[in-house]
Amino acid sequence: MTILIKNDKEIKKINKSCQLASEVLEMIKKYIKPGINTEQLNNICHDYIINVQKAKPATLGYKGYPKSVCISVNDVVCHGISNERELLKYGDILNIDVTIFHNNYYGDTSKMFVVGDYISKESKLLCLTAKKSLYKAINIIKPGIPLNLIGKTIQQYVESKNFSVVRQYCGHGIGKNFHEEPQILHYDSYDTGILLKPGMVFTIEPMINIGKHHVYLTNDGWTVKTKDKTLSAQYEHTILVNNNGCKILTIRKEEYNKI
Ligand code: MF3
Ligand code: CO
Ligand code: CO
């Protein structure tokens, strides 16, 4: 079990892939409207990544995953598969998760979008809590802290808002590999003894539900849904641990001065 420490040259390349991934999320925002289908959103992202960014959508063909981005609507927790019959409607919430492969390195990020101007208070609070739980975790990151403090911080915050944290899926080290060690749990777990070190790069990507934390895999083999059919929200950033604390490699312009 090895956690790779990245050097400056590698960090530069990871940072580039990360920035490309966040630019896809910025680019797609204006297309998210009632009546568009998720396959159209997938295709717009795909074309942008290939033709404009000259990069690769890492999920396409990954272990057989069929799409260029993951689009997870309402009670879909993660790994949703876009479909032309899936039309967005007013009040829907969705996560778009983009992983870019460029110059042999990966960058991974996701965020929530809401469809139309009307959105229920509860959906709004769910999305905000997912985002804030990620920011709270980011804000404690510095060399020397135990890895499991990340999950502890997220769980404590999410449960204080009476939402639940999904257990089955976690964040991950990233770099030359899409998924590498360590696993980043989003809930409190036993102390592995792992301490954060400068040069570690990993994602934090809490999935939180309005109802219970239980989820199930649907029969397409990918789409994960909440068992109790309540809404789920997720935000994801790729983070570099540095000497002072950390750097959010997938930061978007809208987040400058907000974290
Ligand atoms: N981007 C997802 C993550 O955050 C992984 C998607 S894998 C896929 O780790 F195969 F579902 F695309
Ligand atoms: Co990830
Ligand atoms: Co992701």
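Please read these numbers as outputs of a predicted model, since none were measured by experiment.

## Focus: the coordination of the cobalt ion (ligand 3)
Right, so step 1: Binding of the cobalt ion (ligand 3) to the protein goes through D97 (OD), D97 (OD), D108 (OD) and E236 (OE), at separations of 2.1 to 2.4 Å.
Right, so step 2: Coordination at the cobalt ion (ligand 3) is irregular: its 6 donor atoms span angles of 58 to 167° at the metal.
Right, so step 3: Its relative accessible area of 2% is what places D108 among the buried residues.

## What about the nonpolar core?
Right, so step 1: Core analysis: the biggest nonpolar cluster contains 32 residues, and I141, I150, L196, F202 and I204 have the highest contact counts within it.
Right, so step 2: Going through the elements one at a time, helix 3 (121–140), helix 4 (148–160), strand 9 (201–204) and strand 14 (237–241) are the ones with two or more residues in this core.
Right, so step 3: Once residues lying within four places of it in the same chain are set aside, the contact partners of I141 are I150, L196, F202, I204, I239, V241, G245 and C246.

## Some remarks on the sheet that holds strand 11 (residues 215–217)
Backbone-to-backbone hydrogen bonds join strands into a sheet, with any given pair of strands oriented parallel or antiparallel.
Right, so step 1: In spatial order, the strands read 3-12-11; together these 3 strands make up an open sheet with antiparallel pairing. Whereas interior strands pair on both sides, the edge strands pair on one side only; in this sheet they are strand 3 (76–78) and strand 11. In this sheet, neighbouring strand axes are inclined to one another by 40° on average, regardless of whether the strands run parallel or antiparallel.
Right, so step 2: Where strand 3 and strand 12 (residues 224–226) come together, 2 bridges link them in antiparallel fashion. Bridge assignment links C78 to a residue of strand 12, and that residue is V224.

## Regarding helix 1 (residues 8–28)
Think of an α-helix as 3.6 residues a turn; residues three or four steps apart then line up on the same face.
Right, so step 1: In a regular helix each residue adds 1.5 Å, so 21 residues correspond to 30 Å; helix 1 covers 30 Å between its end C-alpha atoms and thus fits that length.
Right, so step 2: Among all positions of helix 1, only E10, I11, I14, S17, C18, L20, A21, S22, V24, L25, M27 and I28 are buried.
Right, so step 3: Structurally, helix 1 contributes buried residues whose contacts are with helix 2 (38–52), strand 4 (93–102), strand 5 (105–114), strand 9 and strand 14.
Right, so step 4: Capping of helix 1 at its N-terminal end is provided by N7; its side-chain oxygen lies 3.1 Å from the backbone amide nitrogen of K9.

## Quick notes on helix 3
Right, so step 1: Here helix 3 contains 20 residues, and its C-alpha end-to-end distance of 28 Å stays within 8% of the 28 Å for a straight helix at 1.5 Å per residue.
Right, so step 2: Three or more residues of helix 3 are buried, namely S123, L126, C127, T129, A130, S133, L134, Y135, A137 and I138.

## Re the site of ligand 1
Right, so step 1: The environment of ligand 1 is formed by 14 residues, the closest being T59, H172, H179, E205 and E236.
Right, so step 2: Taking H172, its side chain carries an N or O atom lying 3.0 Å from an oxygen atom of ligand 1.
Right, so step 3: With respect to ligand 1, the side chain of E236 contributes an N or O atom lying 3.0 Å from an oxygen atom.
Right, so step 4: Partitioned by chemical class, the residues of the shell around ligand 1 number 5 nonpolar, 5 polar and 4 charged.

## Examining the packing of helix 3 against helix 4
Right, so step 1: The N-to-C vectors of helix 3 and helix 4 enclose an angle of 145°; their axes lie 9 Å apart at closest approach. Between helix 3 and helix 4 lies a crossing of right-handed hand. On helix 4, the residues touching T129, K132, S133, K136, A137 and I140 of helix 3 are L149, I150, T153, I154, Y157 and V158.
Right, so step 2: Here the contact of helix 3 with helix 4 is composed, by residue class, of 7 nonpolar, 3 polar and 2 charged.

## A short note on the environment of E255
Right, so step 1: Within the element layout of this structure, E255 appears in the segment after strand 15 (246–248).
Right, so step 2: For E255 and S123, which are 132 residues apart along the polypeptide, the C-alpha to C-alpha distance reads 20 Å.
Right, so step 3: Apart from the residues within four sequence positions on either side, E255 is in contact with Y135, H237 and T250.

## Examining the pairing of strand 5
Right, so step 1: Burial within strand 5 is extensive, with 9 of its 10 residues counted as buried.
Right, so step 2: Here strand 4 pairs with strand 5 via 10 bridges, running antiparallel. Bridge pairing in strand 5 places D97 opposite S110.
Right, so step 3: In this structure, the hairpin formed by strand 4 and strand 5 is closed by a connection of 2 residues, where N103 is found at a positive phi of approximately 55°.

## Some words on the coordination of the cobalt ion (ligand 2)
Right, so step 1: Looking at the cobalt ion (ligand 2), the protein donor atoms are D108 (OD), H172 (NE2), E205 (OE) and E236 (OE), and they sit 2.0 to 2.2 Å from it.
Right, so step 2: Considering all 6 donor atoms around the cobalt ion (ligand 2), the spread of angles at the metal, 51 to 162°, places the coordination shape in the irregular class.
Right, so step 3: Counting along the primary sequence, the residues that act as donors to the cobalt ion (ligand 2) give the motif D-x63-H-x32-E-x30-E.
Right, so step 4: Between the two metal centres, the cobalt ion (ligand 2) and the cobalt ion (ligand 3), the spacing is 3.3 Å, with D108 acting as a shared donor. Placement of E205 in the loop between strand 9 and strand 10 (207–209) and of E236 in the loop between strand 13 (232–234) and strand 14 is noted, with a sequence separation of 31 residues between them. Accessibility assignment for this pair places E205 and E236 in one class, buried.

Parameters and conventions
- Residues numbered from 1 in each chain as written.
- Chains lettered and ligands numbered in written order.
- Predicted model: local features only at pLDDT ≥ 70, side-chain atom pairs only at ≥ 80, totals over all residues.
- Heavy atoms only, no water.
- Donors = N, O, S within 2.8 Å, 3.2 Å for Na, K, Ca; no water.
- Tetrahedral: all angles 85-135°; square planar, octahedral: opposite > 155°, others 65-115°.
- Buried < 20%, exposed > 50% of the residue type's maximum accessible area, 1.4 Å probe, protein only.
- Core = buried A, V, L, I, M, F, W, Y, C linked by side-chain atoms within 4.5 Å.
- Helix = DSSP H or I, 4+ residues; strand = E, 2+ residues; numbered from the N terminus.
- Contact = heavy atoms within 4.5 Å.
- Pairing = 2+ DSSP bridges.
- Axes fitted to C-alpha atoms, helices over the stretch in contact; angles between N-to-C directions.
- Expected span 1.5 Å × (residues − 1).
- Polar contact = N/O pair within 3.5 Å; in protein donor to acceptor, adjacent residues only side chain to side chain.
- Near = heavy atom within 4 Å.
- Nonpolar A, V, L, I, M, F, W, Y, C, P; charged D, E, K, R; others polar.
- Left-handed = near helix turned anticlockwise from the far one by under 90°.

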